[in-house]
Amino acid sequence: MKAKHILVASLLVSSSVWAADEAVENPVTENGVVKVEWQDPSSFRDIRSSGEIQSRYENRTFEQLTKNLNKEASKILKPEQKLEMVVTDLDLAGDVRPTFGATTNDIRVVKDIYPPRITFSYKIVEGDKVVMAGDEKLTDMGFMYSINKMNDKPYRYENALLTSWLKDTVKPKL
């Protein structure tokens, strides 16, 4: 009888954890001068987790990309300016492949035929005034050859793509 109660209690606890892990429909990440709305992540081309719960992986990915974007945008934007983005598609570098039982997780294989891509609209605001706005569809076909191979930071290819966009597109127009 005791074992039955323990089993029922553990099922209730585990189901509440599953319920708490549901993905937010359009998550918004904000860090310093950057605010990003990730519009319908379930339709993104490739943001597949290789070994962790999908919603946690997405949240961690969005937070990391926003954090790096803030670091770079802070160097370019004036102190009273803010970058607001709506990301409509994200394709991480590489492709997730099954291991067919060799391990419990799939693996992300990074090859030059799977470049990072991101599609978004943006605006740079200063108070209530829009200073700059536009739509972008970025792809880095040479991503494997432009980054130091010893760099092991997560999302290094995607961060390099966004940093390059800030320096090449946004900075000259400001």
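Note: the structure precedes this text.
Small disclaimer: the values here were computed from a predicted structure and weren't measured.

A. The environment of Pro79, seen in detail. Mapped onto the secondary structure, Pro79 falls in the loop between α2 (54–76) and β3 (81–91). Each C-alpha atom, one on Pro79 and one on Val33, is 8.5 Å from the other, the two residues being 46 residues apart in sequence.

B. Summary view of the sheet that holds strand β7 (residues 129–139). Within the open sheet, the five strands sit side by side as β1-β2-β3-β6-β7. Their pairing is mixed. Of all strands in the sheet, those with a lone pairing partner are β1 (28–31) and β7, marking the two edges. Between one strand axis and the next, the sheet turns by 15° as a mean value, whatever way the strands run. Pairing analysis gives four bridges linking β1 to strand β2 (residues 34–38), with the strands arranged antiparallel. Looking across to β2, one finds that Thr29 is bridged to Val36. Those strands touched by α2 are β1, β2 and β3, and its axis lies near 150° from that of β2.

C. The packing of aromatic side chains, seen in detail. Scanning the model with the defined rule gives six aromatic pairs in all. Seen from their ring centres, Tyr122 and Trp165 are 4.9 Å apart, and the 80° between their planes marks the pair as edge-to-face. Here Trp165 lies in helix α4 (residues 156–173) and Tyr122 lies in strand β6 (residues 117–126), a separation of 43 residues in the sequence. When its relative accessible area of 2% is taken as the criterion, Trp165 is described as buried. Taken together, the ring pairs connect Trp38, Phe44 and Phe62 into an aromatic cluster.

D. The pairing of β6, seen in detail. Note that β3 and β6 share ten bridges and pair antiparallel. Among the inter-strand pairings, Leu90 is bridged to a residue of β6, identified as Ile118. Here ten bridges tie β6 to β7, and the two strands are oriented antiparallel to one another. Bridged to Arg117 within β7 is Thr139. Two successive antiparallel strands, β6 and β7, enclose a turn made up of two residues, where Gly127 displays a positive phi of approximately 70°.

E. Focus on the pattern of salt bridges. In total, this model carries nine salt bridges according to the counting rule given. With a closest N to O distance of 2.9 Å, Asp46 and Arg108 form a salt bridge. Within this pair, whereas Asp46 is found in the loop between β2 and α2, its partner Arg108 is found in strand β5 (residues 107–109), the two being separated by 62 residues in sequence. Residue Asp46 is classed as buried on the basis of its relative accessible area, which comes to 9%. Among the salt bridges present, the one from Lys75 reaches Glu72, with a minimum N-O distance of 3.5 Å. Of this pair, Lys75 and Glu72 both sit in helix α2, three residues apart, roughly one helical turn. Taking the relative accessible area as the measure of exposure, Lys75 reaches 59% and is therefore exposed. Classification of Glu72 as buried rests on a relative accessible area of 10%.

F. Structural view of α4. In this model, α4 (18 residues) spans 25 Å end to end at C-alpha, consistent with the 26 Å of a helix rising 1.5 Å per residue. Within α4, the axis deviates most sharply at Leu166, by approximately 30°. If you check which residues of α4 are buried, you get Tyr157, Glu158, Asn159, Leu161, Leu162, Thr163, Trp165, Leu166, Thr169 and Val170. On the buried face of α4, the contacting elements are α2, β3, β6, β7 and α3 (143–146).

The rules we used
Residues numbered from 1 in each chain as written. Predicted model: local features only at pLDDT ≥ 70, side-chain atom pairs only at ≥ 80, totals over all residues. Heavy atoms only, no water. Helix = DSSP H or I, 4+ residues; strand = E, 2+ residues; numbered from the N terminus. Pairing = 2+ DSSP bridges. Axes fitted to C-alpha atoms, helices over the stretch in contact; angles between N-to-C directions. Contact = heavy atoms within 4.5 Å. Phe/Tyr/Trp six-rings, centres within 6.5 Å; stacked < 30°, edge-to-face > 60°. Buried < 20%, exposed > 50% of the residue type's maximum accessible area, 1.4 Å probe, protein only. Salt bridge = Lys/Arg side-chain N within 4 Å of Asp/Glu carboxyl O. Expected span 1.5 Å × (residues − 1). Bend = angle between axes of the 7 residues up to and from the residue.

Any link to function would need more than the numbers given here.
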